[in-house]
Amino acid sequence: MSDYTPLWIAAALIAVDLVFFMVPVVPVLAAYVLLVRPPWFKAFVDDLYADG
């Protein structure tokens, strides 16, 4: 094993961790709601502003 192999493995693990666990969920969900306009979101907002 070369001297740089552990370094490359560590860098790959950090990169995978950043890609899969640091994905911003709220902007992705907001983009989905803006583009797709799912009916469940309108029902959710209507329930939020319903009287009583």
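Keep in mind that this is a model prediction, so the values were computed, not measured. (Residues numbered from 1 in each chain as written. Predicted model: local features only at pLDDT ≥ 70, side-chain atom pairs only at ≥ 80, totals over all residues. Heavy atoms only, no water.)

*Asks:* With reference to specific residues and values, describe a nonpolar patch on the surface.
*Replies:* A contiguous nonpolar patch, built from Leu-29, Tyr-32, Leu-34, Leu-35, Val-36, Trp-40, Phe-41, Phe-44, Leu-48 and Tyr-49 and spanning about 1100 Å² of accessible area, is present on the exposed surface. Within the residue set of the nonpolar patch, elements represented by two or more residues are α2 (25-36) and α3 (39-48). Within the secondary structure, Phe-41 is located in helix α3. Look at Phe-41 and you get partly exposed, because its relative accessible area is 30%. (Patch = residues over 30% accessible without salt bridge, like charges linked within 9 Å, V, L, I, M, F, W, Y side chains within 5 Å. Areas by Shrake-Rupley, 256 points an atom, 1.4 Å probe, with all protein chains shown as cover. Salt bridge = Lys/Arg side-chain N within 4 Å of Asp/Glu carboxyl O. Helix = DSSP H or I, 4+ residues; strand = E, 2+ residues; numbered from the N terminus. Buried < 20%, exposed > 50% of the residue type's maximum accessible area, 1.4 Å probe, protein only.)

*Asks:* Please give an account of unusual backbone geometry that cites residues and values.
*Replies:* In this model, Arg-37 sits at a positive phi of 50°, which is unusual for a non-glycine residue. We classify Arg-37 as exposed; its relative accessible area is 69%.

*Asks:* Quick rundown of the pattern of salt bridges? Include the residues and the values.
*Replies:* For the coordinates displayed, the defined rule picks out one salt bridge. For Lys-42, the salt bridge is made with Asp-46, and the minimal N-O distance between the two is 2.9 Å. Taken as a pair, Lys-42 and Asp-46 lie in helix α3 at a separation of four residues, close to a single helical turn. Accessibility expressed as a relative area gives 54% for Lys-42, which makes it exposed. Judged by relative accessible area, Asp-46 falls into the partly exposed class, the value being 41%.

*Asks:* Can you lay out the packing of aromatic side chains for me, pointing to particular residues and giving the numbers?
*Replies:* Per the stated rule, a full pass over the model turns up two aromatic pairs. On the basis of an interplanar angle of 85° and a centroid distance of 5.9 Å, the ring pair of Trp-40 and Phe-41 is categorised as edge-to-face. Overall, Trp-40 belongs to the partly exposed group, its relative accessible area being 45%. Ring centres 6.3 Å apart and planes at 40° place the aromatic pair Phe-41 and Phe-44 in the tilted group. Here Phe-41 and its partner Phe-44 are both found in helix α3, three residues apart, which amounts to about one turn of the helix. Residue classification places Phe-44 among the partly exposed positions, given a relative accessible area of 45%. (Phe/Tyr/Trp six-rings, centres within 6.5 Å; stacked < 30°, edge-to-face > 60°.)

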